[in-house]
Each structure stands twice: as structure tokens, then as C-alpha cells.
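Tertiary structure, described
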Amino acid sequence: MRVTVDRDSVTMGDDAVSHDRVLEVPGETTLGAFLAHVRPGVSVGGGSGTWVVRVDGDWVGMYAEEQMRVLRDADRTLADLQVTTVRFDYWASAPPELLLESLLSGRLPDREAMRQEGYRRHWAAEDATARERAGATTDRLLGPEAVAAVGELGGRIEVHAPSYCRLVAADGQQYVVRHDGHWGRIARVDEAGDQRQLATFQPPGPLAETTLVALLGEAWRATTGRAPVDPPDAPRRRRPEVQRTGGIWRCSWTEDGVLHEARFWPDGSLAGRYAPYLRMDVPAVTAHFHGGDVRQIGGSPARQ
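Quick look at the structure, then. (Residues numbered from 1 in each chain as written. Predicted model: local features only at pLDDT ≥ 70, side-chain atom pairs only at ≥ 80, totals over all residues. Heavy atoms only, no water.)

**Quick word on the environment of S48**
Convention followed: Put simply, DSSP H or I for four residues or longer makes a helix, DSSP E for two residues or longer makes a strand, and each gets a number counted from the N terminus. Each residue gets one of three labels from its accessible area relative to the maximum for its type: buried under 20%, exposed over 50%, partly exposed in between, using a 1.4 Å probe on protein chains only. Should any heavy atoms of two residues lie within 4.5 Å, those residues are counted as being in contact.
Along the polypeptide, S48 turns up in the loop between α1 (31-35) and β3 (50-55). We classify S48 as buried; its relative accessible area is 8%. C-alpha of S48 to C-alpha of A170: the two residues are 122 residues apart in sequence and 41 Å apart in space. Those residues in contact with S48, other than ones at most four positions away along the chain, are V42, Y63, A64, E65 and E66.

Next comes the structure, spelled out in C-alpha cells:
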């Protein structure tokens, strides 16, 4: 028998090529024996990822943690089932134990809900690890000026480690700032504990801090009954120009031979609001929201 094996793409670039392959298999082979030797054929974050296995459209099991589990028709032959296709549906970070529990009860859960639960567990573990690291070192992600700005703008820091910071703005909104050595990232945490990425920055550090302080400044003014303030009007030569690439709004410039780049999601409104702060320093952004004096370079607030 000829059986086509295919899988979902796991990244944007992964869908550039076809993943299907055709295998010649004796018809008397049982489904369990056949699937025991079939894999998605892709590494996801250094692991196998979580997959639902379908045969001719119907789910029969799952593959996760390098283990195939055939939960339906495992002892029937391919000829008896008239198998033509096997497909691996990618369930990203869905917790394998929760997916297995649902499948054993005969129910295929909602994929997006399961993925989100996996993300929540990952974020909770990351937060716990960061809290442990914070107790073992004095290194911190945010610089002293950014830490001071959090307090001055009515926020508070909940967890602060070398590459991770979770904080609360004056209006109660939580944010997470993290960096992986290449990019700095800011995410908003909603009431369900889900994180929505707002922006990424390269190099990590000051760019993320100025945007974070602007977020905190807006919340502080709204919470204290102050009128909103417009973003600063920088001279054209220092004004980051925002361009759209696909669903991402980005701006970049080179300074002292180093490329600086910021990317904003999910629409252009964030880029329009926060790009003007990118080339300022943290005290200047804080002063802008307090309505105080700001150091000027060439007639506008700028990073020195």
C-alpha cells in the first residue's frame, strides 16, 4: 500500500516547501506498528512539539515528547482501514498530559484553548524561575533609571531578574519585559494570564526601557486624572520613520555603527505612539509625562 504522510508547518519559513512523503507499506501491517515508526520529521525548539495524529482525516492518537500514542484502531491493519493518508496536526505548546487525558476520554479538545494553556504554564514556569534567579544574584534587567521611573510613574516591580521583569502599571495593567541576548521584548498580560506581545527591540536594553516608561507614563496620567500628553516632536533627522512589513510596523536607524530596530504589533497605532520616544533617554521620557523640563539636543528630547 502507498500511504502519504504529511504535517503542518511550524514556522512561517517552514511552509515554503512541501512536507509530504509517500511510503510503501505491506497492507497487513497494523496501524499501531506502522505509526510506531512514523514521525513529523521536524524539531520544534529543540524538542518534538505536540501533535495530533490523523488518519484519513480522523484523529487516532498523538505524538509528543518523542513518543507515539495510538489510541484508536491500533490493532487493525492498514488494508482493513484502507489507509491512504497520515497527517500530523501541530498543537504547538499544548500540554501533552492534558491532550492525552482528553483523547483517552474520546474527546478532541479545542486546539487554541489547549495551546493557550500550554503558554500559560510556560509563562508561569518562566516567572518562577526568574524569581529564583533574582534571589541568587544582584544583576537586573532594567537599569537604575528605568527602575526609578517605574516608581515615579506609580508602578511597582513584582519580579526582577537578569533577563526578566514583571511589573504593574499605575492602572493595574501588568507587563513583562524580557531579553534573550539578541532581542528585548515587551508583552502585556491580560486578566486570564495570557501574554500579548507588543514590541521587540534590538539591541535589547534602552529601546525597550523608553517604550516601557512611555507605557507607564500614559497609565499614570490617566489614573491620576491628568490630561494625556502628545508624543514629543523630534527633528526630522532624529525622528524614527515607521514602515510596515507584512503585519509588523518597524523602524530602524544606525548609530555609532550599530543597527537599532523596533518592531510593533498588532497595528500601526502602537508604532505611531511610541516610536517618538525611542531615541530619548529614560529620564527625558519620565520628565515628559511629568510635564517637567527635558534635556534638549538640537531642539528636542534625545538620547545622549
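So much for the structure itself; the text now carries on.
**Focus: the pattern of salt bridges**
Definition in use: By salt bridge we mean one thing: a side-chain nitrogen of Lys or Arg within 4 Å of a carboxyl oxygen of Asp or Glu.
The tally for this structure, following the rule as stated, stands at 24 salt bridges. For the salt bridge of D80 with R76, the shortest nitrogen-to-oxygen distance reads 2.9 Å. For D80, a relative accessible area of 45% corresponds to the partly exposed category. In this structure, the salt-bridge partner of R263 is E261, at a minimum N-O distance of 2.7 Å. Look at R263 and you get partly exposed, because its relative accessible area is 27%. Owing to a relative accessible area of 4%, E261 belongs among the buried residues under this scheme. Connected through shared salt-bridge partners, E97, E117, R120, R121, D190, D194 and R196 make up one network.

**Brief notes about the pairing of strand β4 (residues 58-64)**
Working note: regular strand, side chains alternate between the two faces of the sheet. Rule in force here: One bridge is not enough; two strands pair if DSSP finds at least two bridges between them.
Among the 7 residues that make up β4, 6 are buried, leaving the element largely enclosed by the rest of the structure. Where β3 meets β4, 6 bridges bridge the pair, whose relative direction is antiparallel. Residue pairing in the sheet places R54 in a bridge with W59 of β4. If you look at the hairpin formed by β3 and β4, you'll find 2 residues sitting between the two strands, and D56 has a positive phi there, around 50°. Bridge count between β4 and strand β5 (residues 67-70): 4 bridges; the pairing is antiparallel. The residue bridging A64 from the neighbouring strand is Q67, located in β5. Between β4 and the antiparallel strand that follows it, β5, lie 2 residues; E65 among them carries a positive phi value of about 50°.

**Observations concerning the sheet that holds strand β2 (residues 21-24)**
How we decide: To define axes, lines are fitted to C-alpha atoms, for helices over the stretch in contact only, and angles between the resulting N-to-C directions are given on a 0 to 180 degree scale.
If you walk across this open sheet you meet the 6 strands as β2-β1-β6-β3-β4-β5, and the pairing is mixed. A single partner strand is all that each edge strand has here, and the edge strands are β2 and β5. Strand after strand, the sheet turns through a mean of 25° between neighbouring axes, direction not considered. The strands touched by helix α3 (residues 96-104) within the sheet are β3, β4 and β5, with β4 carrying the most contacts at an inclination of about 155°.

**Some thoughts on helix α4 (residues 111-136)**
For clarity, the threshold we go by: By this rule the span expected of a helix is its residue count minus one, scaled by 1.5 Å. Pairs of N or O atoms are called polar contacts if they sit within 3.5 Å, as long as, within protein, a hydrogen donor faces a hydrogen acceptor (for residues adjacent in sequence, only side-chain-to-side-chain pairs).
Over its 26 residues, α4 extends 38 Å from the first C-alpha to the last, a length consistent with the 38 Å expected when each residue adds 1.5 Å. The complete set of buried residues in α4 reads M114, Q116, G118, W123, D127, A130 and A134. Check the buried side of α4 and you find it contacts α3, β7 (156-161), β8 (164-168), β9 (174-179) and β11 (195-202). For α4, the N-terminal cap is D110; the gap from its side-chain oxygen to the backbone nitrogen of E112 is 3.3 Å.

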